[in-house]
Amino acid sequence: MNMESSVAEVIRRELQLLSPAGRSSGALADRLLDPEFVEVGASGRRWDRRSMLSALPVMQGAADDGPQYVPSEMTGTVLAPGIVHLTFETMIDGRRARRSSIWRKPDEESGWRMYYHQATPVPDA
């Protein structure tokens, strides 16, 4: 897989995690989060894989009829073979955040999985 297709695949997976279908599906989130996943959320809370998998279905952005994440300016860079870094912004329910995700692909069988994510709130102007 070349660098462009690696970034495109990671963006596709990131968008899945941002969608209501991805957030509400424990099976899909389980496939997309790395076994060693860690997140520092916009609230400053540190999440591990288990706590995130448990919380995702009830977090904001998981309901089809509720507020949903609107991503913008998503770009990716291959840092090394099997490591992609994404940066982007989201808007949900009037709140904006800058986001950074590191995805890794240890082998062809497991596919790309989110290893680390951080969200930083953007204050109102």
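A brief structural summary. For clarity, every value in this text was computed on a predicted model and none was experimentally measured.

When helices and strands are counted, the protein chain shows 4 helices and 6 strands. Relative to its length of 125 residues, the protein chain is compact, with a C-alpha radius of gyration of 14 Å against a globular reference of 14 Å. On the principal axes, the C-alpha backbone points of the protein chain span a range of 40 × 30 × 25 Å. Within the span of the protein chain, comprising 125 residues, buried residues form 38% of the whole. A fraction of 46% describes how many contacts in the protein chain between residues 6 or more apart in sequence connect residues 24 or more apart. Accessible surface computed for the protein chain: about 7100 Å², of which carbon and sulfur atoms make up 53%. Considering the protein chain, the positive charge centre built from 15 side chains and the negative charge centre built from 17 side chains are found 4 Å apart.

Here we come to the packing of aromatic side chains. According to the stated counting rule, one finds 0 aromatic pairs in the structure shown. The lysine or arginine in question, Arg-45, covers the ring of Trp-47, its NZ or CZ lying 3.7 Å from the ring centre.

Core analysis: the biggest nonpolar cluster contains 22 residues, and Leu-17, Leu-86 and Trp-103 have the highest contact counts within it. For this core, the elements supplying multiple residues, two or more each, are α1 (3-18), α3 (26-32), β1 (33-40), α4 (49-55) and β4 (83-92).

Further remarks concern the side chain of Glu-39. Take Glu-39: it is sitting in strand β1. Lacking a salt bridge, the buried Glu-39 has Arg-99 as its closest oppositely charged neighbour, with an N-O distance of 4.9 Å. In this structure Glu-39 touches Arg-45, Arg-46, Trp-47, Met-52 and His-117, once residues within four positions along its chain are discounted.

Right, let's get into unusual backbone geometry. With phi around 55°, Glu-73 is a residue other than glycine that occupies positive phi space. Mapped onto the elements, Glu-73 comes out in strand β3 (residues 70-80). The backbone of Asp-93 shows a phi angle near 50°, a positive value even though the residue is not glycine. If you trace the backbone, Asp-93 turns up in the loop between β4 and β5 (95-104).

What follows is about the pairing of strand β6 (residues 113-122). Pairing of β1 with β6, which is carried by 4 bridges, proceeds in the parallel orientation. Its bridge partner being in β6, Leu-33 is matched across the sheet by Met-114. Bridge count between β5 and β6: 9 bridges; the pairing is antiparallel. The partner of Ala-97 across the bridge, within β6, is Pro-121.

A few words on the sheet that holds β4. The strand order across the open sheet formed by 6 strands is β2-β1-β6-β5-β4-β3, and the pairing between neighbours is mixed. Looking at which strands have only one partner, the edges of the open sheet turn out to be β2 (46-48) and β3. Each strand axis lies, on average, 15° off the axis of its neighbour in the sheet, ignoring direction. Of the strands in this sheet, β1, β3, β4, β5 and β6 are in contact with α1, which crosses β3 at around 140°.

Cut-offs applied
Residues numbered from 1 in each chain as written. Predicted model: local features only at pLDDT ≥ 70, side-chain atom pairs only at ≥ 80, totals over all residues. Heavy atoms only, no water. Helix = DSSP H or I, 4+ residues; strand = E, 2+ residues; numbered from the N terminus. Rg over C-alpha atoms; globule rule 2.2 N^0.38 Å. Buried < 20%, exposed > 50% of the residue type's maximum accessible area, 1.4 Å probe, protein only. Contact = heavy atoms within 4.5 Å. Areas by Shrake-Rupley, 256 points an atom, 1.4 Å probe, with all protein chains shown as cover. Lys, Arg positive; Asp, Glu negative; His and termini not counted. Charge placed at Lys NZ, Arg CZ, Asp CG, Glu CD. Phe/Tyr/Trp six-rings, centres within 6.5 Å; stacked < 30°, edge-to-face > 60°. Lys NZ or Arg CZ within 6 Å of the ring centre and 35° of its normal. Core = buried A, V, L, I, M, F, W, Y, C linked by side-chain atoms within 4.5 Å. Salt bridge = Lys/Arg side-chain N within 4 Å of Asp/Glu carboxyl O. Pairing = 2+ DSSP bridges. Axes fitted to C-alpha atoms, helices over the stretch in contact; angles between N-to-C directions.

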